[in-house]
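Structure assessment
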Amino acid sequence: MEKKLLLGDEAIAQGALDAGLSGCYAYPGTPSTEIMEYVQKNPLAKEKNIHRTWSTNEKTAMEAALGMSYAGKRAMVCMKHVGLNVAADAFINSAITGVNGGLVVVAADDPSMHSSQNEQDSRFYGKFAMVPVFEPSNQQEAYDMMHQAFNLSEKYLVPVLIRITTRLSHSRSGIETREQREENKLKMPGDPRQFILLPSIARNKYKGLISNQEHFESEAEDSDFNHYFKGTNKKLGIIACGIAYNYFREAFADIHIEHPVLKISQYPLPVDRIRSIADECEEIIVLEEGYPFVEEMLTGILKTQYKIHGRLDGTLPRDGELNADLVGKAFGFPIPETWNVPSVVTGRPPALCPGCGHTDIFIALNEALDEYGKGRVFSDIGCYTLGALDPLNAIDSCVDMGASVTMAMGAADAGLVPAVAFIGDSTFTHSGMTGLLDAVVRNSPVTLIISDNSTTAMTGGQHSAGTGHIDKICLGLGVDPDHLHVVIPLKKHHEENVRILKTELEFKGLSVIIARRECVQTYARRKRLEASAKVKK
Amino acid sequence: MQRNIILAGVGGQGILSIAAVIGFAAIHRNLYLKQAEVHGMSQRGGAVQSTLRLSDKEILSDLIPKGKADLIISVEPMEGLRYLPWLKKEGWLITNSKPYVNIPDYPEMDALNEAIRSVPNHIIIDASGLASKIKSTRSSNMVVLGAAIPFLPFDWDDYVYGINQMFGKKGVDVVEKNLEALKTGEEFSENTRK
């Protein structure tokens, strides 16, 4: 067996490739980005021409993957947790249509919000859609689960959700790989009406999904990923889910575990196994990364005498990422005596790179808005969100992909004129275009700035769907050419850019200013590649 | 045998190249390895760290528990201090002396040096200066890693393998320069502790 050193994300990609994947669909988002990047760099994926280009957003990715599944092949769709909100319509309905070729959805959650606006727990989406969910506790399990997930998907004709978290995504470990399975052949769905969710058909399909629930549960009862370990000290039983199981083992690294332990990595919850550990123990502690998903199901609303410990009763923190220290503390283990952070150490928050085009257009915008006062700039998700920090203090909102355009419009509806929307090129094509159409239709007095660095920069410079034609997209949506400007955000154009901004802020209708300059990171990378290509010649 | 290592620096300083060399060396030694990295927003000039755990037995947590790190390797004088709560009382702090100033309130060097010296087991290395002495300014990270060699469970072979894996594609010269940088750091480290 071959051993590879892989990130959790890469283990998932390799697992999918080895399980006979025909298409990977994704929009970049930390901590999920490296799954697609691994498939893109994989020589075998190239040779077999496995689909591996970025989608415009998570919804288009999810739907394209469902289309591939319709045609009988195995497809994977990957996103960060908040991406699943965008893909939710397609995801929930794919559980009703069911699948033809295996369909695996990977959602990478970001507890502690290292690089996100919330820490929502994707296991709820699995339960909401009523599909099986896998939650690996380490990189090897993540790899192995891909085979199981595709098999389970094809056994019950249902999409399967894999839920991982940041720490697993971005940590490397040795992985033992298996032999590669052949891809599926093109094959039409057995039932020609399977994918037509007319109410009369959908009602039947939904009943089928409901009746499959007991099978999904018995699969979880028998799953190798869910494991019961006997223990002699039955005062307390331990239920540890996903990566929390790992932290639990680490906290007990030098201590014999005398309690019964139930490790859970496959959902729906194996109810019989949970009842049996609860029956034999006096109390239960639930260790889980993210929301108190399992704990809440166990406690319910009606108070019973049975004591359940976890994030809800304060044994563990209610929010934030877990680690072995927090789990150890929950069991009363002392933290070893160590050093404090010296008081001289100051915070070093992330910042826009030196020379970044976003900075130049922010400086121009601040100057142009000076006469109107603060609080008018609705912004979005990307590097430019850092414009909220000192010294720029240039934006007043960041909520979800595309919200800049529509929030500015709503604020203008309320009378906040001028209102400014500030969005990047990739976020604009992800979810800003439909909002812009709304603004065009009502000629909303909004000044939209599309800060176009021609890449998806925050996640490392992936291809951005609208590169080179953001202006044409705006014109196509109906933006008045007299109020569409393409400017270059450089110091030498500062005066001119301020003048254009001021003029458009005064205009009582919709205007769009595209500030276009290549990302300094992708520029430097391109120059390095060109230089090394020259050397080779 | 287990070694827990924290690599510290600022996004863009390339601490992952150090992590990769140690990672490849660990593979060459046939050790178990877990290496956690920071991706995403913090990479934009913020404080970043990578944790490495090496062992001859299976490793559980990807993260290092508090007070369990044997070594902090920092490519910048302030950043190593940030992770002191994870360092064992008898652990080593190895840090580059050249500050990376991208914030307005960067502390005075005297205060930083005092804080570093309050850790009895410390090595302060002018990696950038040493790297330019051997005419390889881009290898300063490898000079810092070199200073950690006495505390790592590897033979020279393992580093040669690691450096080749990392820089082999860039040619023999680049490989040689990086190995020289490692040696330079190692020699400094040995001499400092005499």
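Okay, so let's go over this structure. (Residues numbered from 1 in each chain as written. Chains lettered and ligands numbered in written order. Predicted model: local features only at pLDDT ≥ 70, side-chain atom pairs only at ≥ 80, totals over all residues. Heavy atoms only, no water.)

1. A word on the overall build of chain B
To keep it simple, the criterion reads: By definition, any uninterrupted DSSP run of H or I lasting at least four residues is a helix, any uninterrupted run of E lasting at least two residues is a strand, and each is numbered from the N terminus. Values of the radius of gyration come from C-alpha atoms, whereas the globule rule sets the reference at 2.2 Å times the count of residues to the power 0.38. The cut-offs for exposure are 20% and 50% of the maximum accessible area for each residue type, with area from a 1.4 Å probe on protein chains only; residues under the lower value are buried, those over the upper are exposed, and the others partly exposed. Whether two residues are in contact is decided by their heavy atoms, any of which lying within 4.5 Å being enough. Note on areas: these come from Shrake-Rupley sampling with a 1.4 Å probe, and a residue is covered only by the protein chains present in the view.
Looking only at helices and strands, one finds seven helices and six strands in chain B. Counting helices and strands in the order they occur from the N terminus, chain B gives β-α-β-β-β-α-β-α-β-α-α-α-α. Taken over the C-alpha trace, chain B has a radius of gyration of 16 Å; the compact-globule value for 194 residues is 16 Å, and the two agree within 12%. Projected onto its principal axes, the C-alpha coordinates of chain B cover approximately 40 × 40 × 40 Å. Looking at chain B residue by residue over its 194 residues, the buried ones come to 59%. Residue pairs in contact within chain B that sit at least 24 positions apart in sequence constitute 65% of those at least 6 positions apart. Element-wise, carbon and sulfur atoms account for 49% of the exposed surface of chain B, whose accessible area totals about 7,900 Å².

2. What to know about a negative patch on the surface
All names here are of chain A. This is how it is decided: Any residue with relative accessible area above 30% and no salt bridge may belong to a patch, with like charges joined within 9 Å and the nonpolar Val, Leu, Ile, Met, Phe, Trp and Tyr side chains within 5 Å. For this document, the term salt bridge refers to a Lys or Arg side-chain nitrogen within 4 Å of an Asp or Glu carboxyl oxygen. In this tally, Lys and Arg are treated as positive and Asp and Glu as negative; His is ignored, and so are the chain termini. Working definition for charges: the position is that of NZ of Lys, CZ of Arg, CG of Asp or CD of Glu.
Taken together, Glu367, Asp370, Glu371, Glu495 and Glu506 make up a surface patch of like negative charges. For Glu495, the location among the structural elements is in helix α18 (residues 494-506). Under the relative-accessibility criterion, Glu495 is labelled exposed at 59%.

3. Examining the environment of Val99(A)
All names here are of chain A. Positionally, Val99 belongs in the loop between α5 (81-97) and β4 (103-109). On the accessibility criterion, Val99 (0% relative accessible area) is buried. A C-alpha to C-alpha distance of 8.5 Å links Val99 and Phe195, two positions 96 residues apart in sequence.

4. Things to note about the interface of chain A and chain B
Interface extent is often summarised as the accessible area lost during association of the parts. What counts here: Definition of a polar contact: a pair of N or O atoms within 3.5 Å, with one able to donate and the other able to accept a hydrogen when the atoms are protein atoms, and with sequence-neighbouring residues admitted only if both atoms are side-chain atoms. Polarity classes work like this: nonpolar for Ala, Val, Leu, Ile, Met, Phe, Trp, Tyr, Cys and Pro, charged for Asp, Glu, Lys and Arg, and polar for all others, with Gly in that last group. When DSSP finds two or more bridges between a pair of strands, those strands are recorded as paired.
In this assembly, 48 residues from chain A lie in contact with 48 residues from chain B. Close ionic contact of Arg348(A) with Glu79(B) constitutes a salt bridge, the shortest N to O distance being 2.7 Å. Where chain A packs against chain B, one counts 23 residue pairs in polar contact (both at pLDDT 80 or more). Looking at the side of chain A that touches chain B, the elements that each hand over two or more residues are β1 (3-7), β7 (171-176), α10 (243-251) and α13 (324-330) of chain A. The leading source of residues in the side of chain A that touches chain B is α10(A), at five residues. Among the residues forming the side of chain A that touches chain B, the class breakdown is 21 nonpolar, 18 polar and nine charged. With three bridges connecting them, β7(A) and strand β2 (residues 32-36) of chain B associate as antiparallel partners. When the sheet's bridge partners are listed, Ser171(A) is paired in β2(B) with Ala36(B).

5. So, the nonpolar core
Residues and elements named next belong to chain A. This is how it is decided: For the purposes of this section, nonpolar cores are sets of buried Ala, Val, Leu, Ile, Met, Phe, Trp, Tyr and Cys residues that join through side-chain atoms within 4.5 Å. Marked domain ranges trace back to an automatic or database domain assignment.
Counting 99 residues, the largest nonpolar core has Met76, Ile162 and Leu287 as its most contacted members. Here this core takes eight residues from helix α7 (residues 139-156), the largest share from any one element. For this core, the two domains that each supply at least three residues are domain 1 (3-182 + 190-211) and domain 2 (227-330). Among all residues touching Leu287, those that are not within four sequence positions of it are Ile238, Ile239, Ala240, Cys241, Ala244, Phe248, Leu316, Val327 and Phe331. Judged by nonpolar contacts, the second largest core, of 52 residues, contains Ala364, Val446, Leu448 and Val487.

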